[in-house]
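# Structural characterization, general
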Amino acid sequence: MNAEKNTRATRATLDKKTGDIAAMFDTVAERYDLMNGILSLGQHIYWRKQAVAAVDAHPGQKVLDVAAGTGVSSEPFADAGVDVIAADLSEGMLDVGRRRRPDMTFVQADVTALPFDDETFDAVTMSYGLRNVADYPKALSEIYRVLKPGGRIVILEFSTPTFAPFGAVYKNYIMKAIPPIARAISSNPESYEYLAESIITWPNQQELAQKFKEAGFTSVQYRNLTGGIVAIHRGFKPEAHNA
């Protein structure tokens, strides 16, 4: 009973300590994908399809999907014959993914210290995970390191609605509607209080694009989806130049 109570109380804070983040996602792993669908009102399917299109990976290329969770975001690549690695901080999430898709490769990894060699991947993508990293500029630098010259980064993340009145409604939904839904469905509803807070406090599109540029990425662009509720950011590691 005490163990169950401690698990249910697990949630991260906006300090975003790595251990707390991993432990929190361990507790919500079994129903995480279900909650995503409910809380996004089904829009997550459209958002993920757009992210996959932005990655534009082909058979023979190697893709790293960071914060892949149970591997839902990695599946389209695997199903298309792309060599994809699904990486996540949470062993609980990875365990669900391994049971669901034993044909895919799952690796426990911290995006601020990736266990891969320099210039390994043609593309690195990350969905809804960057805002859970305290030192996210370091994460961007690590992604830059493991990309091949000419490789691309694609980040799908919650963002800032572009229409102010809609933004106010959206913020109210996040802070007031998400916790009750989580209490009805999730094994750890407190974790969704943190997730709501992390969305509200996340940098806007222009600020995040600037961090991409500071990490060394070029041709940085972003595309708003569903009025800016989420945005896809993409950039490229410069091609190597012969001396």
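Because the structure is predicted, anything quoted here is derived from the model rather than measured. (Residues numbered from 1 in each chain as written. Predicted model: local features only at pLDDT ≥ 70, side-chain atom pairs only at ≥ 80, totals over all residues. Heavy atoms only, no water.)

Further remarks concern the overall build of the protein chain. Tallying secondary structure elements over the protein chain gives 10 helices and seven strands in all. Burial analysis of the protein chain (243 residues in total) assigns 50% to the buried set. Expressed as a percentage of contacts within the protein chain between residues at least 6 apart in sequence, the contacts between residues at least 24 apart total 68%. For the protein chain, the accessible surface area stands at approximately 11300 Å², while carbon and sulfur atoms represent 53% of it. (Helix = DSSP H or I, 4+ residues; strand = E, 2+ residues; numbered from the N terminus. Buried < 20%, exposed > 50% of the residue type's maximum accessible area, 1.4 Å probe, protein only. Contact = heavy atoms within 4.5 Å. Areas by Shrake-Rupley, 256 points an atom, 1.4 Å probe, with all protein chains shown as cover.)

With that settled, the discussion passes to the nonpolar core. Counting residues in hydrophobic clusters, the biggest one holds 28 residues, and the most contacted among them are Leu64, Val111, Val124, Leu130, Ile153, Phe212 and Phe217. At five residues, helix 7 (residues 136–146) tops the list of elements feeding residues into this core. In this structure Leu130 touches Tyr136, Ala139, Leu140, Ile155, Glu157, Trp202 and Leu208, once residues within four positions along its chain are discounted. With 22 residues, the next largest nonpolar core counts Ala51, Val84, Tyr170 and Leu225 among its residues. (Core = buried A, V, L, I, M, F, W, Y, C linked by side-chain atoms within 4.5 Å.)

Moving on, we get to helix 6 (residues 91–100). The complete set of buried residues in helix 6 reads Gly92, Met93, Leu94, Val96 and Gly97. Regarding helix 6, its N-cap is Ser90, as a side-chain oxygen of that residue lies 3.3 Å from the backbone nitrogen of Gly92 further along. (Polar contact = N/O pair within 3.5 Å; in protein donor to acceptor, adjacent residues only side chain to side chain.)

Across the sheet, seven strands lie side by side as 3-2-1-4-5-7-6; this open sheet has mixed pairing. Looking at the sheet topology across the chains shown, the edges are occupied by strand 3 (105–108) and strand 6 (218–225). Adjacent strand axes in the sheet meet at a mean angle of 20 degrees when their direction is disregarded. Relative to strand 2 (residues 83–88), strand 1 (residues 62–66) runs parallel, the two being bridged by five bridges. Counted as the bridge partner of Lys62 is Asp83 from strand 2. Taken strand by strand, helix 7 contacts strand 1, strand 4 (121–127) and strand 5 (147–158), and its axis lies near 145 degrees from that of strand 5. (Pairing = 2+ DSSP bridges. Axes fitted to C-alpha atoms, helices over the stretch in contact; angles between N-to-C directions.)

Keep in mind that these numbers describe shape and distance, not what the molecule does.
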